[in-house]
Amino acid sequence: MSEWTPDSWLARAAQQQVQYPDPAALDRVVAEMRRLPPLVTSWEVESLRDQLARAARGEAFLLQGGDCAESFDDCRPDAIAAKLKILMQMSLVLVHGTRRPVIRVGRLAGQYAKPRSTDTETKGGVTLPSYRGDIVNREGFTEEDRTPDPVLMLRGYERAALTLNFVRALADGGFADLHHPEYWDISFADGARHAAEYRHIVDQIRDSISFVSAITGVDSAPLRRVDFFTSHEGLALLYEAAQTRTVPRRAGHYNLSTHMPWIGMRTAQLDGAHVEFHRGIRTPLGIKIGPAMTPEWLRDLLDALDPDREPGRITLIHRMGAGKVARHLPPLVQAVIASGRRPLWVCDPMHGNTESTPQGYKTRRFDKILAELEESFAVHGELGTVLGGVHFEMTGEDVTECVGGARGLVESDLERAYRTRVDPRLNYEQALELALLVARHLRRGS
Ligand code: PEP
Ligand code: CO
């Protein structure tokens, strides 16, 4: 393989990129981003890699989730706090179910670029470039809105920094204190169908903490704060490359825009720019794999992206669609077993289960999401591998984007609070319900 540099991807074909009309303006933005401080540090990145390695061995569990596409407008304290709250609540439920540490990774603080299946969108006879995320262009349907604007990368970097700043302050300041679950309670949780089961779990955890403190006389200080990590699709390569740098006293290049980028299904070509860029950076990497992935392709991707077989380096996030897991997943798992690798396997039950209603809403059915999770646990159970995590599109707010769940949302409910920028997310109750169901499943299996 040829030599890697932070810019070697420029010589490869890059899918899903845009042409900026003013190259000089683009150069100015990239130069400024290169000068600005990183969003995350190499210490955090290395810590996450260790934790993911533990999850791959079955000693921890990954909860990754958040918006399909973050929007600049949602960089608000209430929206950010709601995302942390649901991540906290789900993770506690999963800790209780798995009896293992849960690693919390948000699709957060940088999930601003989206791959699209078509380059253009036509409305009322007018054809314009597709919306590709707030970091690239704007959602409005005018020529000006849809023209890629490099300054949006800078605005995205700043929004990511503001988001992270708030997340870190909350996490350090006691918001996530396990002694005080009321800090991250959500008001409408009381009316939720699963509130009682959730409260029972929280009470049990609180009782265990007080019991241990009482008999040991030791205050469990580590339980007063938790880690949150960030992740996003490593799609807009100019943004990613501008945050890629060396750090003192560690070898190699780090992409310090996030703790864990992933390579999406649409940009996983072996000879493409995204694989070239990511093979040289030191962050843990997610790879999305769908029904089109072949065992040979996956083997080659792993050889390219993880030649040294580093524990924690690779997380394989499969998203096959309900009813398709038993056919598409086993050959991939078997190929990985045969290669002697032990990546972390994670199920994304969202992206293979997107459909459109007759009214034109993109939605996902709770039952199918759950079915894909169950099918995935079954395949890993049969093949002797560990399903060590889940990946959801969800929000801490009361949206109506996915149908089903305990409250029985139906298609005609979708218009009430359909707010997603791209894909439909689980709302607060649906997300908590799924965590409870996954936790029950894991408890039964252990
Ligand atoms: C996503 O995670 O939002 C996404 C586009 O996923 P995939 O690449 O798996 O389709
Ligand atoms: Co999505």
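It should be emphasised that the depicted structure is a prediction, and the values quoted were computed from it without experimental measurement. (Residues numbered from 1 in each chain as written. Chains lettered and ligands numbered in written order. Predicted model: local features only at pLDDT ≥ 70, side-chain atom pairs only at ≥ 80, totals over all residues. Heavy atoms only, no water.)

1. Here we look at the site of ligand 1
Then comes step 1: In the neighbourhood of ligand 1, the contacting residues comprise Cys68, Arg107, Lys114, Pro115, Trp262, Gly264, Met265, Arg266, Lys288, Arg319, His351 and Glu393.
Then comes step 2: Arg266 places a side-chain nitrogen or oxygen 3.0 Å from an oxygen atom of ligand 1.
Then comes step 3: If ligand 1 stood free it would expose 300 Å²; the protein chains cover 98% of that surface.
Then comes step 4: The class makeup of the residues in the shell around ligand 1 is four nonpolar, two polar and six charged. (Near = heavy atom within 4 Å. Polar contact = N/O pair within 3.5 Å; in protein donor to acceptor, adjacent residues only side chain to side chain. Areas by Shrake-Rupley, 256 points an atom, 1.4 Å probe, with all protein chains shown as cover. Nonpolar A, V, L, I, M, F, W, Y, C, P; charged D, E, K, R; others polar.)

2. Topic: the coordination of the cobalt ion (ligand 2)
Then comes step 1: Protein ligation of the cobalt ion (ligand 2) involves Cys68 (SG), His351 (NE2), Glu393 (OE) and Asp423 (OD), the donor distances falling in the range 2.1 to 2.4 Å.
Then comes step 2: One chain supplies every donor to the cobalt ion (ligand 2), and in sequence these donors are spaced C-x282-H-x41-E-x29-D. Taken together, the residues Cys68 in the loop between strand 1 (61-66) and helix 3 (77-98) and Glu393 in strand 14 (residues 387-393) connect sequence positions 325 residues apart. Glu393 matches Cys68 in its accessibility class, with the two residues each being buried. (Donors = N, O, S within 2.8 Å, 3.2 Å for Na, K, Ca; no water. Helix = DSSP H or I, 4+ residues; strand = E, 2+ residues; numbered from the N terminus. Buried < 20%, exposed > 50% of the residue type's maximum accessible area, 1.4 Å probe, protein only.)

3. What about the sheet that holds strand 9 (residues 285-289)?
Then comes step 1: The strand order 1-2-5-8-9-10-11-14 describes a closed barrel built from eight strands, whose pairing is parallel. Neighbouring strand axes in the sheet, compared pairwise and without regard to direction, differ in orientation by 25° on average.
Then comes step 2: Across two bridges, strand 11 (residues 344-347) lies against strand 14 in parallel orientation. By the bridge assignment for strand 14, Cys347 is matched with Val390.
Then comes step 3: Running over the sheet, helix 3 touches strand 1, strand 2 (102-107) and strand 14 and is turned about 150° from strand 2. (Pairing = 2+ DSSP bridges. Axes fitted to C-alpha atoms, helices over the stretch in contact; angles between N-to-C directions. Contact = heavy atoms within 4.5 Å.)

4. A look at the pairing of strand 10 (residues 314-318)
Then comes step 1: For strand 10, a buried count of five out of five residues is recorded, marking the element as mostly surrounded by other parts of the structure.
Then comes step 2: Going residue by residue along strand 10, you find Ile314, Leu316 and His318 tucked away on one face and Thr315 and Ile317 tucked away on the opposite face as well.
Then comes step 3: Pairing between strand 10 and strand 11: four bridges, direction parallel. The residue bridging Thr315 from the neighbouring strand is Leu344, located in strand 11.
Then comes step 4: For the crossover that starts at strand 10, traverses helix 10 (residues 325-339) and ends in the parallel strand 11, the hand is right-handed. (Right-handed = clockwise from strand over helix to strand, strands pointing away.)

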